[in-house]
Protein chains: 2
Amino acid sequence: MTKEILEIKIGVLGGGQLGKMLCLKAAEWDIKIHILDKINAPASKYCHSFTEGDYTNFEDVFHFGKDKDIITIEIEHVNVEALKALKKKGVQIYPDPEILEMIKDKGLQKQFYAAYKIPTAPFKIYATKAEILLDIEKGEIKYPFIQKSRTDGYDGKGVQYIASNLEHNTLLEGGSIVEKAIAIKKELAVIIVANQQGEIVSYPTVEMVFDHKANLLDYLIAPADISEKIDNKCQRIALKLAHLMQYRGILAVEFFLTKDNTILINEIAPRTHNSGHHTIDACNVSQFEMHLRSILNLPLIIPKLRKSAVMMNLVGENGYEGAAKLQGFETAIAMEEFYMHLYGKENTKPYRKMGHFTILDKNPKKALKKAFIIKELLKIKS
Amino acid sequence: MTKEILEIKIGVLGGGQLGKMLCLKAAEWDIKIHILDKINAPASKYCHSFTEGDYTNFEDVFHFGKDKDIITIEIEHVNVEALKALKKKGVQIYPDPEILEMIKDKGLQKQFYAAYKIPTAPFKIYATKAEILLDIEKGEIKYPFIQKSRTDGYDGKGVQYIASNLEHNTLLEGGSIVEKAIAIKKELAVIIVANQQGEIVSYPTVEMVFDHKANLLDYLIAPADISEKIDNKCQRIALKLAHLMQYRGILAVEFFLTKDNTILINEIAPRTHNSGHHTIDACNVSQFEMHLRSILNLPLIIPKLRKSAVMMNLVGENGYEGAAKLQGFETAIAMEEFYMHLYGKENTKPYRKMGHFTILDKNPKKALKKAFIIKELLKIKS
């Protein structure tokens, strides 16, 4: 890009917490971020300009994008046709709309893994719930299994664990994939960053622990407590995948480490990701800065952890709905190496992602212990 | 304060770079910052609300402050009478208006040091330039000496070094102090933070190197390369001063280390300060977070350096005036542990503070070397 860096207009589809954290980083460099989202989105207070609109709507996205130099996303569920049209007009799009189209459809994503022999759980694609029931009847699907909506999944929604025929009522309608339920030892993730000139780097592998009630990431540990062999395998698969896709931008790759020590790709996200929130406080360079570096085609540096870190999501307390109130902050903030991020969502509801915090400690066990103490203290209520 | 922390309204007089960096920190916690300043001030894009107005004007400050819970400043040159009136109405003011009034007048500041036997350069207060000329004639002022405006100093303005009678034409009119020119080995600074419940902590002492052409801080080294004895002396004087003033909020204390190893207070600033800009990237807690902690009466933690740091100001290149352009960023950003902050001022002029950068390195000499390489690369032109 020959344009003066301070004049480049970056448009972001989505202004939630990821958009907000990107804006805060961009603000340090005086990089201009323009956001498209619904009114009062968390990023709206911190961007260079805010456009009210629907990022799933062709007209809204196309109109928003046409005077921008670069368009990127904080959520996959955007209007890809508009991005294709903008690309034709010469707007740089990260991730590439064709890649985004493939990733946002979990069916196509799985077919890509299969085509390139990237290890993933066995799966089959279905168009309707009825077809799934038929395959169950024929004995071709065995319990327990996982059903994932092809295109509607987000933050734990659109994924069902089906243990027996008693749970058929929860099966999703519409296009989905059915995966064999894998006996999982750990869930892991690697964030990859690639710029236009083909530099590509990765963050240290993290370990993710889920809250299965909410189907949401509860906390992560960085670095993951895994063998070097497993770590290398995750890193190699993530880098290989990014190379195969000729990926440009930032990509989160989520893995299962199975009980028999196999690494399988679970899914990928073509954007900044919850598995990288610790990088703001724990690394020499945050995932948000790396996102900017990648889309501005700036040099990439090797991301490193300063210390061990535990990042925990702050979700809306069960039983509370309405204007958010923060409880326990005054006590938590007295602790050393405690870094809180509150997203600025006015209203809370059970399990809504309202913020996160990161604990740093040379000793990962101590970091985890401290995180659990803070989890008991710090509550989002109404 | 019994009010829910997310509902507290903090008003800040001034929306320059200090206000902006405060907003960016507050955004992470979803703390609401409201700014009063001229239109297009750097902080205007990142605050919860922006009020266009003049912080030196009684009506503007009073009107802005009356619906706020807390008022604080990023510059001393504000209307103190309005702050006193707001204090009477129950608004919390940081720093206290009486203290601010004393500090913003360098004559009163020096008298305070004298009254409490805090070491400072010998001085005399003058009402006019004519009185100074008279004392020169009488032989009561010897060359070289320093003249400082009592109330108009800022960013190197309002301070004159007078070497001989050839420089009388540069003497400032109006109230000023005349100080003996001290043979200085180093300039040092300590930032103090105190909250309402009386907790008080300090940042490690830094060493400041000035650009004498611009009379501006060129760069700082943290920690300062001084003996433990000198360091302790700076820390003790800074803490004693804050105690004597019953200071609440954040206070920067600047020192001279004289050629004969005496520590003298140069001046103080009752706000976040250029001598603390490295704390964003080099410390476990930045001066901006500590400012928030102090005025919100949150617990203070001990500020620590992660590594040695060099912070260098990025000023407008000599010979360029107009819309700012950044040169050399793509090269500089390839370096490890380089952290840039650009303030978002649209127009540059010679020596205008446009940003700063911080270099971290275990080895302070390497950090300094890298900073000078970057200084050659990174230019603000028009």
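Look up: the structure comes first, before these words.
Summarised in this report is the structure supplied together with it. (Residues numbered from 1 in each chain as written. Chains lettered and ligands numbered in written order. Predicted model: local features only at pLDDT ≥ 70, side-chain atom pairs only at ≥ 80, totals over all residues. Heavy atoms only, no water.)

Overview of the packing of helix α4 (residues 97-104) of chain B against helix α5 (residues 106-115) of chain B
Residue and element names in this part refer to chain B. For the record, the criterion: To obtain each axis, a line is fitted to C-alpha atoms, and for helices this fit is confined to the stretch in contact; angles are then taken between N-to-C directions over 0 to 180 degrees. Helix numbering and strand numbering both begin at the N terminus, where a helix is a DSSP run of H or I of at least 4 residues and a strand a DSSP run of E of at least 2. With respect to orientation, any angle under 35 degrees is reported as roughly parallel, any angle over 145 as roughly antiparallel, any angle of 65 to 115 as roughly perpendicular, and every other angle as oblique. Here, two residues are considered to be in contact whenever any of their heavy atoms come within 4.5 Å of each other. Three categories are distinguished: nonpolar for Ala, Val, Leu, Ile, Met, Phe, Trp, Tyr, Cys and Pro, charged for Asp, Glu, Lys and Arg, and polar for the others, with Gly belonging to the last.
Contact pair α4 / α5: the axes reach a minimum separation of 4 Å and the direction vectors enclose 100 degrees. Comparing their axes, α5 and α4 come out roughly perpendicular. Side by side, α4 and α5 meet where E101, M102, I103 and K104 of the first sit next to K106, L108, Q109 and F112 of the second. Here the residues of the contact of α4 with α5 are counted per class, giving four nonpolar, one polar and three charged.

Examining unusual backbone geometry
All names here are of chain A. The criterion, for reference: Buried, partly exposed and exposed residues are distinguished by accessible area as a fraction of the type maximum, computed with a 1.4 Å probe on protein chains only: under 20%, between the cut-offs, and over 50%, respectively.
In this chain, Y94 is followed by P95 through a cis amide linkage whose omega measures 0 degrees. With respect to the element layout, P95 can be found in the loop between β5 (92-94) and α4 (97-104). For D30, which is not glycine, the phi torsion reads 60 degrees and is therefore positive. In this fold, D30 is placed in the loop between α1 (17-29) and β2 (32-37). Given the relative accessible area of 9%, D30 is considered buried.

Here we look at the nonpolar core
Our working definition: The criterion is simple. A nonpolar core is a set of buried Ala, Val, Leu, Ile, Met, Phe, Trp, Tyr and Cys residues joined through side-chain atoms within 4.5 Å.
Core analysis: the biggest nonpolar cluster contains 98 residues, and F338 of chain A together with F338 of chain B have the highest contact counts within it. Not counting the four nearest positions on each side in its chain, F338 of chain B is found in contact with F329, A332, I333, F357, T358, I359, I374 and L378 of chain B.

Side note on the sheet that holds strand β6 (residues 123-126) of chain A
Residues and elements named next belong to chain A. Convention followed: DSSP bridges decide pairing: two strands pair if at least two such bridges lie between them.
Read from one edge of the open sheet, four strands run β6-β9-β7-β8, paired in antiparallel fashion. A strand with exactly one partner marks an edge of an open sheet, and here the two such strands are β6 and β8 (159-162). Averaged over all pairs of adjacent strands, the angle between their axes in this sheet comes to 20 degrees, without regard to strand direction. Two strands pair when backbone bridges link them, and strand β7 (residues 145-149) and β8 are joined in this way by four bridges, in the antiparallel orientation. Among the inter-strand pairings, K148 is bridged to a residue of β8, identified as V159.

What about the relation of the copies chain A and chain B?
Quick reminder of the rule: Here the copies are matched by least squares. The fit uses the C-alpha atoms of residues with pLDDT of at least 70 in both.
At an RMSD of 0.0 Å, chain A and chain B line up after a rotation of 180 degrees and a shift of 0.0 Å along the axis. The relationship between the two copies is best expressed as a two-fold rotation axis. Relative to the rotation axis, the closest C-alpha in chain A is found at Y46 of chain A, a distance of 2.4 Å. A shared binding surface is used by both copies, with 100% of the interface residues of chain A retained as interface residues in chain B.

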